[in-house]
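Residues per chain, in single letters:
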Amino acid sequence: MALGVNAQESQASIDAALTFGILWLDVCRISQSPKTLVEGLTLFVPRGTSGLVRERMANLNRAAAKWHLLEFDERHDAAVEIDCTDRGNVSTRLVHAPNKAAALERFAGPIARVEAVLPNCEIAVLSAAEIAFRWRGLEFARTRLGVDPGSFRSTQEIIFGVGAEERILDHSNASLFLQLLTALRDTRHPYGPKQHPMFRMRPERWLESLVVNDVSMIDQRLQSQATESPALYSQVPAFSAADRAMIDVLTTTSTGRLAVVELKADEDIHLPLQGLDYWSRVEWHHSRGEFQRFGYFAGRELSPEPPLLFLVAPALRVHPATDTLLRYIAPEIEWEFAGIDERWREGVKVVFRKRRGPSVQPGPEQEDTAA
């Protein structure tokens, strides 16, 4: 069977086409008579837009179906097939890990000012010259190096606000800053007013903040933050020509094996393939020894094994198509799906798991197991 996307569609729609192509392939196989063979999927995308789809298709189960990807040039009415057999050909580049200790020391003054009002807020080092403040995943302020007007001296400034309402903190708006932090503290907590905008904003980041605090809640093999050297990173940027991927959580197991954790707080049909995309980028950089060369997991010995992939979502917000999509992932990729309790804001608790390991032959994933 074949599916095509024209050049008038957005890049996001083009990237999503593989998800719908797999589902349509599966529907066709189920609906046809036993004597009819639906061999595979041929996907047509506009010229120069196949990068992300190619990376995902390269990691699909080649025993389960035949996969073909073609770029179609509408102007010249010509199609060129793209090679999707090379799983090592990933277009991605890694960003150096910032020196967290140095950044925290550099911005000690602004950090103390924020924590005086909102203790225990999350501090994320974005770069050597900028850090972000978050409360249960919601960013409410940043501090960065600026230039003092009329001189070449650098200065530190705090920008605060939620969403588009941002302003530089000074004496004239200090009361607004205090009001914002107080509102966050009083509304954004597990038992806060559920209809309040601050409670409802960025649920995925809220879930991420809980998992980052103790990723072993997802699986006992996973390591959380450690004092002697970093064992976990959140929102790791891995760029490609097609997009700017942000890996939710990157950590290791107790044996040093890398693990990619992809989180969704709401139903998302693209979760399996998005997780597969991030897994492929991590595997590519890991196979070339780039994580430690770029400042990640300093002082730790990483296992040469391919990364593990963990997909996490509330149990009642798992898209019905998820099982179908997982069946078409290459059998060599070890994945685990963790369904968590709907009341995850009160504490993350896994209520069911699905797993597939490298020894599993093409076919349905292992049965659910209660946590």
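Structure's up top.
So, here's what we can say about the structure. Quantities reported herein were computed from a predicted structural model and do not represent experimental measurements. (Residues numbered from 1 in each chain as written. Predicted model: local features only at pLDDT ≥ 70, side-chain atom pairs only at ≥ 80, totals over all residues. Heavy atoms only, no water.)

## A short note on the environment of Glu332
Rules: Where helices and strands are cited, they refer to DSSP runs of H or I of at least four residues and of E of at least two residues respectively, numbered from the N terminus.
Along the chain, Glu332 falls in the loop between helix H10 (322–327) and strand S15 (335–340). Separated by 271 residues in sequence, Glu332 and Asn61 place their C-alpha atoms 8.8 Å apart.

## So, the packing of aromatic side chains
The following threshold applies: The criterion for an aromatic pair is that two Phe, Tyr or Trp rings (for Trp, the six-membered ring) have centres within 6.5 Å, with stacked assigned to planes under 30 degrees apart, edge-to-face to planes over 60 apart and tilted to the rest. Burial status follows relative accessibility: with a 1.4 Å probe on protein chains alone, a residue under 20% of its type maximum counts as buried, one over 50% as exposed, and anything between as partly exposed.
Inspection of every chain in the model, using the stated rule, returns nine aromatic pairs. Plain terms: the ring middles of Phe160 and Phe177 are 5.2 Å apart, the flat faces sit at 70 degrees to each other, and that makes the pair edge-to-face. Here Phe177 lies in helix H5 (residues 174–187) and Phe160 lies in strand S9 (residues 154–160), a separation of 17 residues in the sequence. A residue is classified by how much of its surface remains accessible, and Phe160, at 3% relative accessible area, is buried. With relative accessibility at 4%, the residue Phe177 sits in the buried group. Centre to centre, the rings of Phe291 and Tyr296 are 5.8 Å apart; their planes meet at 85 degrees, and the pair counts as edge-to-face. Taken individually, Phe291 and Tyr296 each receive the classification buried, so the pair is uniform in this respect. Ring pairs connect the aromatic residues Tyr233, Phe291, Tyr296 and Phe297, which therefore count as one cluster.

## Observations regarding the sheet that holds strand S2 (residues 40–46)
Rules: Whether two strands pair comes down to DSSP finding at least two bridges between them. Axis angles are defined between N-to-C directions and span 0 to 180 degrees, where every axis is a line fitted to C-alpha atoms and, for a helix, only to the segment in contact. Whether two residues are in contact is decided by their heavy atoms, any of which lying within 4.5 Å being enough.
Taken together, four strands build an open sheet; the order of strands is S1-S2-S3-S4 and the sheet is mixed. At either margin of the open sheet sits one strand with a lone partner, and together these are strand S1 (2–4) and strand S4 (78–82). Each adjacent strand pair in this sheet contributes to an overall mean axis angle of 25 degrees, direction not counted. Of the strand pairs in this sheet, strand S3 (residues 66–73) and S4 are connected by five bridges, and their pairing is antiparallel. What sits directly across from Leu69, in S4, is Ile82. Sheet strands touched by helix H1 (residues 11–31): S1, S2 and S3. Its angle to S2, the strand with the most contacts, is close to 155 degrees.

## A short note on the pattern of salt bridges
Quick reminder of the rule: By salt bridge we mean one thing: a side-chain nitrogen of Lys or Arg within 4 Å of a carboxyl oxygen of Asp or Glu.
Within the structure shown, the criterion is met by 27 salt bridges. One salt bridge in this structure joins Arg327 and Asp26, with 3.5 Å as the shortest N-O distance. Of this pair, Arg327 sits in helix H10 while Asp26 sits in helix H1, and the two are 301 residues apart along the sequence. Classification of Arg327 as partly exposed rests on a relative accessible area of 27%. The partner of Glu290 in a salt bridge is Arg293, with the nearest N and O atoms 3.7 Å apart.

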